[in-house]
Amino acid sequence: MNIVDAAEAEIATEISRQLVQAYPSLTERDIALLQQIEASLPLTADISRADVLLYCQTNQQRIRVFSHAAPASIASLYRKSASGRIFSKDDQPLIYRALSEGTSGRYRKHVLTDGAPVIQEVIPVFNAARRVIAALVIETNMIEYERHKRRNDHFRKALRWLHRMAARGEIE
């Protein structure tokens, strides 16, 4: 094992420890799935030209950003990482619904970032038992969203596939 592999293993172990402490109902397979998803977030963010966040539910009323990847291809919507931020179900109703009911959706947030509304796409993350364990959220500004709508149909379809693959932990 080289130094890079050892460092990656140590990071993965720390992530596992944090997940077990914060979400004791998660199984080892659930944690492995979330780690696989987390590893794919930077690539997904760059190709999507959007911030990609992974949310988990802390209790019946609160949700937490477990991981946040900002795109390198455009400016992030966030001044600093959103990882660790906690929201109430009223703050993020679409994400809360994805976590509690397992439904996907798209929402235009009324909160403005640098003068542009934010489009939020939410995809529930299911474990092997088909229980929702997290939500993958893709957030982009309205200007970039409109540019994306003018892209080639094949690219847009491939991007939707990428998002679904990321939510299933299929990107390596």
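Residues numbered from 1 in each chain as written. Predicted model: local features only at pLDDT ≥ 70, side-chain atom pairs only at ≥ 80, totals over all residues. Heavy atoms only, no water.

Attention now moves to the pattern of salt bridges. Tallied over the entire structure, the rule returns four salt bridges. The salt bridge involving aspartate 30 is made with arginine 131; its shortest N-O contact spans 3.3 Å. On the criterion of sequence distance, the pair formed by aspartate 30 in helix H2 (residues 28–48) and arginine 131 in the loop between strand E5 (116–126) and strand E6 (132–141) is long-range, its members being 101 residues apart. You can call arginine 131 partly exposed: its relative accessible area is 37%. (Salt bridge = Lys/Arg side-chain N within 4 Å of Asp/Glu carboxyl O. Helix = DSSP H or I, 4+ residues; strand = E, 2+ residues; numbered from the N terminus. Buried < 20%, exposed > 50% of the residue type's maximum accessible area, 1.4 Å probe, protein only.)

Right, let's get into helix H5 (residues 153–168). With 16 residues, H5 extends 23 Å from end C-alpha to end C-alpha; this agrees with the ideal 22 Å at 1.5 Å per step. Those residues of H5 not exposed but buried are Leu159, Leu162, His163, Ala166 and Ala167. One side of H5 holds all its buried residues, which, seen down the axis, span an arc of 130°. Those residues of H5 that are exposed and angled more than 90 degrees off the buried face are Asp153, His154 and Trp161. Trailing H5 by a residue or two, glycine 169 shows a phi angle of about 75°, which is positive. (Expected span 1.5 Å × (residues − 1). Arc of directions from axis to C-beta.)

What follows covers the nonpolar core. Of all hydrophobic cores here, the largest spans 24 residues; its most connected members are Leu54, Val125 and Leu136. Broken down by element, this core gets its largest block of residues, six residues, from H2. When residues no more than four places from it in sequence are discounted, the contact partners of leucine 136 are Ile37, Leu41, Val52, Leu53, Leu54, Glu121, Val122, Ile123, Val125, His163, Ala166 and Ala167. Membership of the second largest hydrophobic core comes to 18 residues, among which are Ile63, Leu77, Ile95 and Val122. (Core = buried A, V, L, I, M, F, W, Y, C linked by side-chain atoms within 4.5 Å. Contact = heavy atoms within 4.5 Å.)

Counted according to the given criterion, the structure contains one aromatic pair. Measuring from centroid to centroid gives 6.1 Å for tyrosine 55 and phenylalanine 87, while their planes differ by 45°, and the two rings are tilted. Placement of the pair is tyrosine 55 in strand E1 (residues 51–57) and phenylalanine 87 in strand E3 (residues 86–88), with a sequence separation of 32 residues. For the cation-ring pair, arginine 130 lies above phenylalanine 126, with the distance from its terminal atom to the ring centre recorded as 4.1 Å. (Phe/Tyr/Trp six-rings, centres within 6.5 Å; stacked < 30°, edge-to-face > 60°. Lys NZ or Arg CZ within 6 Å of the ring centre and 35° of its normal.)

A few words now on the environment of tyrosine 145. Within the element layout of this structure, tyrosine 145 appears in helix H4 (residues 142–149). Separated by 27 residues in sequence, tyrosine 145 and valine 118 place their C-alpha atoms 8.7 Å apart. The contacts of tyrosine 145, once residues within four sequence positions are left out, are Arg106, Ile119 and Thr140.

Secondary-structure assignment places serine 48 in helix H2. Only 2.7 Å separates the side chain of serine 48 from the side chain of histidine 163, close enough to count as a polar contact. (Polar contact = N/O pair within 3.5 Å; in protein donor to acceptor, adjacent residues only side chain to side chain.)

So, about the pairing of E1. Where burial is concerned, most of E1 is hidden: six out of the seven residues are buried. Examined bridge by bridge, E1 and E6 share five bridges and lie antiparallel to one another. Along E6, the bridge assignment pairs aspartate 51 with glutamate 139. Here E1 runs beside strand E2 (residues 62–69); their pairing, made up of six bridges, is antiparallel. Residue pairing in the sheet places leucine 53 in a bridge with histidine 68 of E2. As consecutive antiparallel partners, E1 and E2 are separated by four residues. (Pairing = 2+ DSSP bridges.)

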